[in-house]
Amino acid sequence: MTALEELLAVVGDARGAQAGDRLCEACVALFDVDAAAISLIFDGVDIGILGASGTTARELDELQFTVGEGPCLDAVAHRIPIFVLDLADPREVSWPAYRPALLAREIRGVYALPIVIAGQFVGALDLFRNLPGLLAADDLTGVLAAADLAQLPFLDFVGTDLETALTDPDSDAWAELDTLSRTEVSQATGALVAQLEVAPAAALLRLRAHAYVTGRSATDIALDILAHRLELEAD
């Protein structure tokens, strides 16, 4: 059985986020990686997660959003696969905030493969390894197949009219994708705009900065703001 056939067998008849989770779990089970996640990227921002192999993978994806850098963002921005074979290599300069956080979690290798639908780069399949080094040829073939299959759960949400889904905020696709996005962060950003009298971009930056310096996720900080357990100052 080929890697593609094995992946299809694991995903089965699952749809949407469930298919994304199964695909990521299959990557960990079949290939020499320890965590996998499918990130949704829109307008240069990691807006949410379409699938994850487990809690660790979700935390690593959330961290990319919090610090505003990482392999999924680079894979989409540069429209190429991003392979970092050893984050501990002293010559490695990628992601000055994200890289140390990965090393603290004992992640040494990162692979990010862009997800492309109808010529649009809409996200990335992120793979994380505890050991450094290049994947074996068979595993590399498998993860490339997994990146192709990652189109399917995305299409379950946006349908075939990708252009409309991406450009029309009132489309049914965005209503579905909103269930996967970081809605708490958006709501908390709006609250900060009113409270601090700053632009939305500045409010979001303030929220993410507080999350980073306190070692917490942006979502956790957002929930505290919405529950009035935390009040951020303008500076």
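Residues numbered from 1 in each chain as written. Predicted model: local features only at pLDDT ≥ 70, side-chain atom pairs only at ≥ 80, totals over all residues. Heavy atoms only, no water.

Trainee: Go over the overall build of the protein with me, naming the residues and quoting the values.
Mentor: Helix and strand counts for the protein come out as twelve helices and five strands. Here the protein holds 235 residues, and the buried ones make up 46% of them. Put simply, of all contacts in the protein between residues at least 6 apart along the chain, 58% involve residues at least 24 apart. In the structure as shown, the protein presents an accessible area of about 11,400 Å², 53% of it carried by carbon and sulfur atoms. (Helix = DSSP H or I, 4+ residues; strand = E, 2+ residues; numbered from the N terminus. Buried < 20%, exposed > 50% of the residue type's maximum accessible area, 1.4 Å probe, protein only. Contact = heavy atoms within 4.5 Å. Areas by Shrake-Rupley, 256 points an atom, 1.4 Å probe, with all protein chains shown as cover.)

Trainee: Describe the nonpolar core, with residues and values.
Mentor: In terms of nonpolar packing, the biggest core is built from 30 residues, with L7, L23, C27, I38, L125 and L127 touching the most fellow members. Beyond its immediate chain neighbours, meaning those up to four positions away, L7 contacts L23, A26, L30, F31, G142, A145, A146 and L149. Within the second largest apolar cluster, 26 residues are counted, among which are I49, V67, C72 and A112. (Core = buried A, V, L, I, M, F, W, Y, C linked by side-chain atoms within 4.5 Å.)

Trainee: Before we move on, could you go through the packing of aromatic side chains and cite the residues and values that matter?
Mentor: With the rule as written, the count across this model stands at two aromatic pairs. Taking 6.2 Å as the distance between ring centres and 75° as the angle between the ring planes, the aromatic pair formed by W95 and Y98 counts as edge-to-face. (Phe/Tyr/Trp six-rings, centres within 6.5 Å; stacked < 30°, edge-to-face > 60°.)

Trainee: Summarise the packing of helix α1 (residues 3-11) against helix α2 (residues 16-30); cite the residues concerned and give the values.
Mentor: Remark: α1 packs on α2, axes separated minimally by 9 Å, with the N-to-C direction vectors making an angle of 135°. Viewed along their axes, α1 and α2 adopt a mutual orientation that is oblique. The interaxial crossing formed by α1 with α2 has right-handed handedness. Facing α1, whose interface residues are E6, L7, V10 and V11, α2 presents A19, R22, L23, A26 and L30. Residue classes in the contact of α1 with α2 are distributed as seven nonpolar, no polar and two charged. (Axes fitted to C-alpha atoms, helices over the stretch in contact; angles between N-to-C directions. Parallel < 35°, antiparallel > 145°, perpendicular 65-115°, else oblique. Left-handed = near helix turned anticlockwise from the far one by under 90°. Nonpolar A, V, L, I, M, F, W, Y, C, P; charged D, E, K, R; others polar.)

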